[in-house]
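Descriptive analysis of the structure
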Number of protein chains: 2
Amino acid sequence: MPKQEVPPLRVLLLGFGNVAKAFLPLVANRSEWLARELGIQLLISGIGTRRQGFFVHSLGIEAVSLAQEEQPLPAFCQQRGSSRVTDAATFIQAGRDAGASLLIELTALQPQDGQPALSHIRQALVAGMDVVTANKGPIAYAQTELQQLARHHHVQLRFEATVMDGLPLINLAQFTLQAVGITAFRALLNTTSSLVLSMIEQGATVDDAIQQAQALGIAEADPWYDLDGWDAAMKTTILANNLLAAQIMPLQVKREGIRNLSVASIREAASAGVPIRLVSQAERIGEQVLAEVVPQRILPEDILRVGKGTTSVISLHTEAMGTMTLVEHEPVVTQTAYGVLSDVITVVRQRRNSG
Amino acid sequence: MPKQEVPPLRVLLLGFGNVAKAFLPLVANRSEWLARELGIQLLISGIGTRRQGFFVHSLGIEAVSLAQEEQPLPAFCQQRGSSRVTDAATFIQAGRDAGASLLIELTALQPQDGQPALSHIRQALVAGMDVVTANKGPIAYAQTELQQLARHHHVQLRFEATVMDGLPLINLAQFTLQAVGITAFRALLNTTSSLVLSMIEQGATVDDAIQQAQALGIAEADPWYDLDGWDAAMKTTILANNLLAAQIMPLQVKREGIRNLSVASIREAASAGVPIRLVSQAERIGEQVLAEVVPQRILPEDILRVGKGTTSVISLHTEAMGTMTLVEHEPVVTQTAYGVLSDVITVVRQRRNSG
């Protein structure tokens, strides 16, 4: 790709939790690469959170300089040119008016329906903005609708960070495993359940294990979203739809969490050398794709065995390339932020390709 | 990518060994995908081999129909419109004149200098043809020169299948791990040495192990190219240059094969739970990249331990995404052919992007 003089890229950050906070220093860290390879400079045109308010800046603030602030949000709203708006919808509109062409959607997830992220994404696409999200809900529930909307408005919707963070699973299928014919996958996708199970194996009670996982910042306030397999079911939906060309919804994933496993059975399985883990799997059988999330005993020779601690792993079974496995070792939040940045880069490159 | 009516894609196959032979049925198998997603039909404009001759067809023969022949080469030369030419250079020129826009270079490798593939590739690029190769030599020795040549003539040079077959390592770096900052890798890249070592561990003599590996079609007629670490050094060079932005030649890879290991030490290490494997590794340290191929004892907790039998594995250490690992389970020749097909698809897509 030739270097070219291009206007700065103005983005909106909607949601300012751990991922958004990790995104700013990551952009700063990779700013030289972004300038050299893409010729772009990233400006933040707005930061919005439900608790702390929605702020838009008329010109946009350099991501690199915001990253140096200990408190980027207060720093952002104190800048001359910053103004506060009332709600997310006004925020997106005002950001668009201030020249933002990309919405990064990172609000907290409501697992039942993917809201409010779904509304934010719809609005941005209709307004002609590209959207990058790490939010599983809207993609698991409404990818088809959202992609039709994106196509209609000639914009992009990207969501690499929804599954295995920045490990390029979605992009792998789109850009590098073309025509490979993925027929099935089998994976450990939910960090919390792996961690809780391994702590129980090592002697912790269920409650202790959950509290430790929460203290590590891995389990959510409501741990049962993970432990009942909902998180894994959302990810399995997204992978089935994108890797296996399925058209399924999260409720079509057969789902069995680890709630009903006794502590004794968990420890016995581990002692017998076949520890139990929450496995996500899907398989194309003719026109159908069968997907499930289910606790399984992992045999010693099973490649999923490499998924120790918080490590995620997925095996892809393909027609043309046999079986291949990808492992993400003990990810931290920077990995999710990298997934977002990777999507931002793809958005920029695809704009140029189609331009 | 929108479907579009496009002329058929005419390609030349230079070299007709196992990979080329596996390529034809693979194209036939994926022809529906190629038609649906890219709108292309693949025609073979020429097949050339040093032993059996160089043949060009004036219109090109459908890859799909050639794939149905038990002996594709005789079938190709018996077609009306087929003509025999004297040598590889005439073959490339005649193929170009017959409308071929892509050379697939799969001739046998001379490890010392990458010839004759290097000359073939140079000629095709200068003639304005895109080139896809599975040939390590020309890429390890002359990637920079060849890519300059390709840029100058506005054509592409792709070589995914040179390392880990069709596992998308090169494309991963180019298309999906953008800005990730790969700082180091560590890998098992040479199947023959892994297999020979594991057979020795199980009681075989060195000669027996080599013969068995040859009988399986894995070791070459000269097994020492693999066992002395040359194959791994070529692959390490290619990965260092493409993943770590090094500028090294194969002789700059510190290379130690398994020739000097005693059978006793190999078996003792395995009995002690730390089997020896030929490890390829490279690391960026400031402006320098240090690369080596060296036998190492693989600890039980080492991720390379998953590289059992003929399985290849690579761990990438990155600035933005921590460590990730890719595993190619017990590949067969179709995997290499898939790497070639994957490059052909990328060539077609990139032509459209830049057109």
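Before any of the text, the structure's been laid out above.
These numbers come from a predicted model, not from an experiment. (Residues numbered from 1 in each chain as written. Chains lettered and ligands numbered in written order. Predicted model: local features only at pLDDT ≥ 70, side-chain atom pairs only at ≥ 80, totals over all residues. Heavy atoms only, no water.)

Our next topic: the interface of chain A and chain B. Counting from both sides, the interface comprises 39 residues of chain A and, opposite them, 39 residues of chain B. Buried surface at the junction of chain A and chain B, both sides included, amounts to about 3,300 Å², of which 59% is carbon and sulfur. Summed over the shared surface of chain A and chain B, the result is two salt bridges. A salt bridge links Glu-319 of chain B to Arg-30 of chain A; the nearest nitrogen and oxygen atoms lie 2.2 Å apart. Here chain A and chain B share 20 residue pairs in polar contact (both at pLDDT 80 or more) between them. With eight residues, helix α14 (residues 333–354) of chain A is the single largest residue contributor to the side of chain A that touches chain B. Its residues assigned to classes, the side of chain A that touches chain B comprises 18 nonpolar, 17 polar and four charged. In the sheet, strand β13 (residues 323–328) of chain A pairs with strand β13 (residues 323–328) of chain B via five bridges, with the strands oriented antiparallel. Following the sheet pairing, Thr-325 of chain A is matched in β13 of chain B by Val-327 of chain B. (Contact = heavy atoms within 4.5 Å. Buried area = accessible area lost by both parts, 1.4 Å probe. Salt bridge = Lys/Arg side-chain N within 4 Å of Asp/Glu carboxyl O. Polar contact = N/O pair within 3.5 Å; in protein donor to acceptor, adjacent residues only side chain to side chain. Helix = DSSP H or I, 4+ residues; strand = E, 2+ residues; numbered from the N terminus. Nonpolar A, V, L, I, M, F, W, Y, C, P; charged D, E, K, R; others polar. Pairing = 2+ DSSP bridges.)

For the structure on display, the rule yields 22 salt bridges over all chains. Lys-235 of chain B is the salt-bridge partner of Asp-231 of chain B, the closest N and O atoms lying 2.8 Å from each other. With Asp-231 of chain B and Lys-235 of chain B both in helix α12 (residues 230–243), this residue pair falls four residues apart, about one helical turn. As far as burial versus exposure is concerned, Asp-231 of chain B and Lys-235 of chain B are alike and both buried. Salt bridges sharing common partners tie together Glu-32, Arg-36 and Glu-37 of chain A. (Buried < 20%, exposed > 50% of the residue type's maximum accessible area, 1.4 Å probe, protein only.)

A few words now on the side chain of Thr-133 of chain A. Residues and elements named next belong to chain A. Of note, Thr-133 is situated in strand β6 (residues 130–133). Engagement of the side chain of Thr-133 in a polar contact is seen with the backbone oxygen of Glu-105, the distance being 2.9 Å. Reaching out from Thr-133, the side chain makes a polar contact with the backbone nitrogen of Asn-135 at a distance of 2.9 Å. Those residues in contact with Thr-133, other than ones at most four positions away along the chain, are Glu-105, Ile-121, Ile-139, Arg-158, Phe-159 and Thr-162.

Consecutive side chains along a regular strand alternate between the two faces of the sheet. Residues and elements named next belong to chain B. By the criterion of burial, β13 is predominantly enclosed, with five of the six residues buried. By the bridge criterion, six bridges tie strand β12 (residues 312–318) to β13 in an arrangement that is antiparallel. Within β13, the residue paired with Ile-314 across the bridge is Leu-326. Hairpin connection between β12 and β13: a loop of four residues separates the two successive antiparallel strands, and Gly-322 in this loop has a positive phi of roughly 55°.

Residues and elements named next belong to chain B. With respect to the element layout, Gln-112 can be found in the loop between β5 (102–105) and α6 (117–126). On the basis of relative accessible area, Gln-112 is assigned to the exposed category, the value being 56%. The spatial distance from the C-alpha of Gln-112 to the C-alpha of Tyr-141 is 9.2 Å, given a sequence separation of 29 residues.

With that settled, the discussion passes to helix α8 (residues 169–176) of chain A. Among the eight residues that make up α8 of chain A, six are buried, leaving the element largely enclosed by the rest of the structure. Residues of α8 of chain A that are buried include every one of Leu-169, Ile-170, Asn-171, Leu-172, Phe-175 and Thr-176 of chain A, and no others.

Okay, the sheet that holds strand β9 (residues 254–255) of chain A next. Read across the open sheet, the 12 strands follow the order β9(A)-β11(A)-β10(A)-β8(A)-β12(A)-β13(A)-β13(B)-β12(B)-β8(B)-β10(B)-β11(B)-β9(B); overall the sheet is mixed. The sheet terminates laterally at β9 of chain A together with β9 (254–255) of chain B, the two strands that pair on one side only. Here strand β10 (residues 276–285) of chain B runs beside strand β11 (residues 288–297) of chain B; their pairing, made up of 10 bridges, is antiparallel. Opposite Val-279 of chain B, over in β11 of chain B, you have Val-294 of chain B as the bridge partner. Packing of helix α9 (residues 191–201) of chain A onto the sheet brings it into contact with β8 (182–188), β10 (276–285) and β12 (312–318) of chain A, and relative to β10 of chain A it is tilted by some 140°. (Axes fitted to C-alpha atoms, helices over the stretch in contact; angles between N-to-C directions.)

For any two helices packed against each other, the geometry comes down to the angle between their axes and how far apart the axes lie. All names here are of chain B. Two elements in contact, helix α8 (residues 169–176) and helix α14 (residues 333–354), have axes separated by 11 Å at closest approach and are oriented at 25°. Looking at the two axes, α8 sits roughly parallel to α14. When the axes of α8 and α14 are compared, the crossing they make is left-handed. Counted together, Asn-171, Gln-174 and Phe-175 of α8 and Ser-342, Asp-343, Thr-346 and Gln-350 of α14 form the full contact between these two elements. Of the residues that constitute the contact of α8 with α14, the class distribution is one nonpolar, five polar and one charged. (Parallel < 35°, antiparallel > 145°, perpendicular 65-115°, else oblique. Left-handed = near helix turned anticlockwise from the far one by under 90°.)

This brings us to the packing of aromatic side chains. The geometry of an aromatic ring pair comes down to the distance between the two centres and the angle between the two planes. Residue and element names in this part refer to chain A. Here the structure, examined in full by the defined rule, presents two aromatic pairs over all chains. Aromatic pair Phe-54 and Phe-91: ring centres 5.9 Å apart, planes at 50°, arrangement tilted. Here the residue Phe-54 occupies a position in strand β3 (residues 53–62), and Phe-91 occupies one in helix α5 (residues 88–97), the gap between them amounting to 37 residues. In this structure, Phe-54 and Phe-91 share a single accessibility class: buried. Across from the ring centre of Trp-230, 3.9 Å away, lies the NZ or CZ of Arg-255, which sits over that ring. (Phe/Tyr/Trp six-rings, centres within 6.5 Å; stacked < 30°, edge-to-face > 60°. Lys NZ or Arg CZ within 6 Å of the ring centre and 35° of its normal.)

All names here are of chain B. Across the sheet, seven strands lie side by side as β4-β3-β2-β1-β5-β6-β7; this open sheet has mixed pairing. At either end of the open sheet lies a strand with only one pairing partner, and these are β4 (82–85) and β7 (157–158). For strand β1 (residues 9–14) and β5, the ladder comprises four bridges, and the chain directions are parallel. The residue bridging Leu-13 from the neighbouring strand is Ile-104, located in β5.

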